[in-house]
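# An overview of the molecular structure
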Amino acid sequence: MTLLDGKKTSNDIKDEIAVEVSAMKERGEKVPHLAAVLVGEDGASLTYVGSKVRACERIGFDSTLVKMPESTTEEELLAKVKELNENDDIDGYIVQLPLPKHIDEQKVLLAVDSLKDVDGFHPENFGKMALDMPAFIPATPYGIMELLDRYQVETQGKHTVVIGRSHIVGRPMSILMSRKGNPGNSTVTLTHSRTKNIEEITREADIIISALGVPEFLKADMVKEGVVVIDVGITRVPDESHPKGYVIKGDVDFENVSKKASFITPVPGGVGPMTIAMLLKNTLLAREQRQAN
Ligand code: GUN
């Protein structure tokens, strides 16, 4: 069994980006600038956005954190989005999801300038991705593709089963794994809450990508020998014995599934750190594109 070490791989990627940033500085060019908009006080979102901003600082990017209160109106958020679109110093930005219920998420995502949409959530980027055109790829799926690539996991002709059809992970993952190319060229089954007999489908899988959010959902008797397992789950499970009052659990019963797997990602230290690295990569690409135009 080989552990797909997202922590190490993400550090390698960040080192590579830092080299690019140094070269940009030496040429007297502007360095990439990422902004993150956080509306409200959701604990997990605060943690993620904090990690994104810290990662920017570590590799020499400029970063801006825009914190807005839970009571922010849709109109106020759209005005902030417009401001970020027009601010020439900002190369890329993200609006952290989920947004408070009174704000229409689709309306906000549509308002983001697609050239600054480093999350790849704008329909223009999503459509381009589906049509094999150059586009920003959503950071988590992009990170998974990068892990498969760097560990030379064979995907061509394999049966990939994706669990979960979210717009952020499952849906784009199913598209990327079925696209021509490497990684890719897989035969993909996209499963979700209405799928019948999911264990029968996962048992046939060469590669399982689980983005469900149910702790330890995938058990050893649901997978075959030699399976490749990518665990995107990061659920906070209350645990009073821990200083934080919770532990992070993936979708996979790691202890038992890892005994049958050929490759597997741990949680934490698997897909999570890769997401941040690929967001930085997208921001570097956004800067380079803006520099060229
Ligand atoms: N919420 C959970 N994952 C993500 C992500 O990748 N980007 C944004 N903007 N929000 C998220």
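Residues numbered from 1 in each chain as written. Predicted model: local features only at pLDDT ≥ 70, side-chain atom pairs only at ≥ 80, totals over all residues. Heavy atoms only, no water.

### What to know about the environment of threonine 47
This is how it is decided: Only DSSP runs of H or I covering at least 4 residues are called helices, and only runs of E covering at least 2 are called strands; the numbering of each starts at the N terminus. The cut-offs for exposure are 20% and 50% of the maximum accessible area for each residue type, with area from a 1.4 Å probe on protein chains only; residues under the lower value are buried, those over the upper are exposed, and the others partly exposed.
One can find threonine 47 in helix α2 (residues 43-59). Threonine 47 sits in the partly exposed class, given a relative accessible area of 39%. Linking threonine 47 and lysine 30, residues 17 residues apart in sequence, is a C-alpha distance of 28 Å.

### Quick word on the site of the ligand
Using the following cut-off: Whether a residue is near a molecule or strand depends on its heavy atoms: it is near if one of them lies within 4 Å of it. Polar contacts, as used here, are pairs of N or O atoms within 3.5 Å; protein pairs need one atom able to donate a hydrogen and one able to accept it. Residues neighboring in sequence count only if both atoms are side-chain atoms. The Shrake-Rupley method, run with a 1.4 Å probe, gives the accessible areas here. Residue values count only the displayed protein chains as cover. Classes in brief: Ala, Val, Leu, Ile, Met, Phe, Trp, Tyr, Cys and Pro nonpolar; Asp, Glu, Lys and Arg charged; the others, Gly included, polar.
Every residue close to the ligand is listed here: Lys52, Val95, Gln96, Leu97, Asp119 and Phe121. Taking valine 95, its main chain carries an N or O atom lying 2.9 Å from a nitrogen atom of the ligand. For the ligand, a nitrogen atom lies 3.2 Å from a polar atom in the side chain of glutamine 96. In the complex, 83% of the free accessible area of the ligand, which totals 280 Å², lies under the protein chains. Residue classes in the shell around the ligand are distributed as three nonpolar, one polar and two charged.

### Considerations on the sheet that holds strand β1 (residues 2-3)
Heads up, the condition is: Paired strands, as defined in this entry, are two strands with at least two bridges between them according to DSSP.
Strand order in the open sheet formed by six strands is β1-β11-β8-β7-β5-β6, and the pairing between neighbours is parallel. Either end of the sheet is taken by a strand with one partner, and the two such strands are β1 and β6 (187-191). Pairing between strand β8 (residues 228-231) and strand β11 (residues 263-264): two bridges, direction parallel. Within β11, the residue paired with valine 229 across the bridge is isoleucine 264.

### Structural notes on unusual backbone geometry
The residue after asparagine 182, namely proline 183, is reached through a cis peptide bond having omega -5°. Looking at the element boundaries, proline 183 is found in the loop between α7 (170-178) and β6. Note the cis peptide between valine 267 and proline 268, where omega equals -5°. With respect to the helices, strands and loops of the structure, proline 268 is situated in the loop between β11 and α10 (271-292). In this structure, glutamine 152 is a non-glycine residue whose phi angle is positive, near 50°.

### Describing the sheet that holds strand β3 (residues 62-68)
How we decide: Angles here are taken between N-to-C directions and fall from 0 to 180 degrees, while the axes themselves are lines fitted to C-alpha atoms, restricted in helices to the stretch in contact.
The three strands lie next to each other as β3-β2-β4, forming an open sheet whose pairing is parallel. Here the strands that pair on one side only, and so sit at the sheet edges, are β3 and β4 (92-95). Ignoring strand direction, the axes of neighbouring strands in this sheet form an average angle of 15°. Pairing of strand β2 (residues 33-39) with β3, which is carried by seven bridges, proceeds in the parallel orientation. Within β3, the residue paired with histidine 33 across the bridge is aspartate 62.

### Some remarks on the nonpolar core
Here is the rule we go by: Take the buried residues of types Ala, Val, Leu, Ile, Met, Phe, Trp, Tyr and Cys, join any two whose side-chain atoms come within 4.5 Å, and each joined set is a nonpolar core. By definition in these notes, contact holds between two residues if any of their heavy atoms fall within 4.5 Å.
In terms of nonpolar packing, the biggest core is built from 49 residues, with Ile17, Phe61, Ile144, Ile209, Ile230, Val232 and Leu280 touching the most fellow members. Put simply, the parts of the chain that give this core at least two residues each are α1 (6-26), β2, α2, α6 (139-150), α7, β7 (207-210), β8 and α10. Other than its neighbours up to four places away in sequence, isoleucine 144 contacts Met173, Ile209, Ile230, Val232 and Val271. Ranked by size, the runner-up nonpolar core spans 18 residues in total, among them Leu97, Leu99, Ile103 and Val108.

### Quick word on α2
Put simply, the rule is: What a helix is expected to span follows from its residue count: subtract one and scale by 1.5 Å. The reported arc concerns the directions from the helix axis to the C-beta atoms and nothing else.
Between its terminal C-alpha atoms α2 stretches 25 Å, which fits the 24 Å expected from 17 residues at 1.5 Å a residue. Burial in α2 covers these residues: Ser45, Val49, Lys52, Val53, Ala55, Cys56 and Ile59. Looking straight down α2, one finds its buried side chains confined to an arc of 155°; they lie on one side. Facing away from the buried side of α2, by more than 90 degrees, are the exposed residues Arg54, Glu57 and Arg58. Residues of α2 that are buried sit in contact with α1, β2, β3, β4 and α10. The positive-phi residue at the C-terminal boundary of α2 is glycine 60, with phi of around 90°.

### Looking at α6
For an α-helix, 3.6 residues make a turn, and residues three or four places apart therefore share a direction. Over its twelve residues, α6 extends 16 Å from the first C-alpha to the last, a length consistent with the 16 Å expected when each residue adds 1.5 Å. With ten of twelve residues buried, α6 is to be regarded as a mostly interior element. Those residues of α6 that fall on the buried side of the exposure criterion are Ala139, Thr140, Pro141, Tyr142, Gly143, Ile144, Met145, Glu146, Leu147 and Leu148. Close packing links the buried residues of α6 with α1, α7, β7, β8 and α10. Glutamine 152, located one to two residues past α6, shows a positive phi value of around 50°.

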